[in-house]
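# Working through the structure, step by step
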Amino acid sequence: MNLMLMGLPGAGKGTQAERIVDKYHVVHVSTGDMFREAIANKTQVGLKAKSFIDKGELVPDEVTNQIVQERLAQADINQAGYMLDGFPRNLEQAQALDEINANLNKKLDAVIDIEVDPQLLVERLSGRFICKNCGATYHKLYNPPKVAGTCDRCGKHDFYQREDDQPQTVKNRLHVNIEMNTPLISYYQKAGLLNKINGAQEIDQVFAEIDAVLSKIN
């Protein structure tokens, strides 16, 4: 079984990816893992990718596509199938994946898109704050201090938010991801592969929806 996993930051992809791997034993292939492995193995295309990364530049699609083809051709994936996470990121990469699958005599069986309202994601992702004195981490929704405004660990009252966790930063990050994902969602919908999953539910319910889709393929 060959899958692609989609979802905005904070949608719970990581948690659901673990559950999918545990039940269906597919190989979880993330973009970062592919790059690290190709670079560590000093493959020709891995070294090419490293030359861009070392300069702080984006790795071109052509190089990324070659790394994906190398990874998807490996023995563990031939035996178990794959779950792509972080690739494709644009239409050109999606079309390249179609070619890669054809070259390797594979096919993409399903695209799982974990959908959560962006406003809820802003609340999830911008809720974290930290005690200035001792560094204890809290979340206004999921892990607030026992007494509002007072650190459980040191009793101080001074908190701050990292730049990455501030609402405007989170909104900007989500906006970029929405713009990137929208053409892919349309592409896979037209291909009849897209499965929209309600990611606003409890974790077990989200997985039950995913499981219902995958059990029909497996």
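The model shown is predicted, which means the values in this text are computed figures rather than measured ones.

## So, the pattern of salt bridges
- Within this structure, the stated rule accounts for 12 salt bridges.
- Residue K107 is joined to D109 by a salt bridge in which the shortest nitrogen-to-oxygen separation is 2.5 Å.
- Linked through salt bridges whose partners overlap, the residues forming this network are E37, R71 and D76.

## Focus: the packing of helix α1 (residues 13-24) against helix α9 (residues 203-217)
- Running from N to C, α1 and α9 point in directions that differ by 45°, and their axes come no closer than 10 Å. Here α1 is positioned oblique relative to α9, judged by the angle of their axes. The hand of the α1/α9 crossing is right-handed. For the pair α1 and α9, the contacting residues are T15, Q16, R19, I20, K23 and Y24 in the first and I203, D204, V206, F207, I210, D211, L214 and S215 in the second.

## Some details on the UniProt feature "binding site: AMP" (unreviewed entry) in the chain
- In the UniProt entry, the feature "binding site: AMP" (unreviewed entry) is given for T31, R36, E57, L58, V59, G86, F87, P88, R89, Q93, R162 and R173. What stands out for the annotated residues spanning 143 residues is how far apart their C-alpha atoms range, the widest pair being 32.9 Å apart. As for the largest pocket, its lining draws on R173 from among the annotated residues.
- Following the sequence through the fold, T31 ends up in helix α2 (residues 31-40).
- Those residues in contact with T31 that lie beyond four places of it in its chain are D85, G86 and F87.
- By secondary structure assignment, the location of L58 is in the loop between α3 (44-53) and α4 (61-72).
- When its relative accessible area of 77% is taken as the criterion, L58 is described as exposed.

What counts and what doesn't
Residues numbered from 1 in each chain as written. Predicted model: local features only at pLDDT ≥ 70, side-chain atom pairs only at ≥ 80, totals over all residues. Heavy atoms only, no water. Salt bridge = Lys/Arg side-chain N within 4 Å of Asp/Glu carboxyl O. Axes fitted to C-alpha atoms, helices over the stretch in contact; angles between N-to-C directions. Helix = DSSP H or I, 4+ residues; strand = E, 2+ residues; numbered from the N terminus. Parallel < 35°, antiparallel > 145°, perpendicular 65-115°, else oblique. Left-handed = near helix turned anticlockwise from the far one by under 90°. Contact = heavy atoms within 4.5 Å. UniProt positions renumbered as here; feature names shortened; annotations may be inferred. 1 Å grid on protein atoms, 1.4 Å probe; cavity = no way out; pocket = protein on both sides within 12 Å on 5 of 7 lines; lining within 4 Å. Buried < 20%, exposed > 50% of the residue type's maximum accessible area, 1.4 Å probe, protein only.

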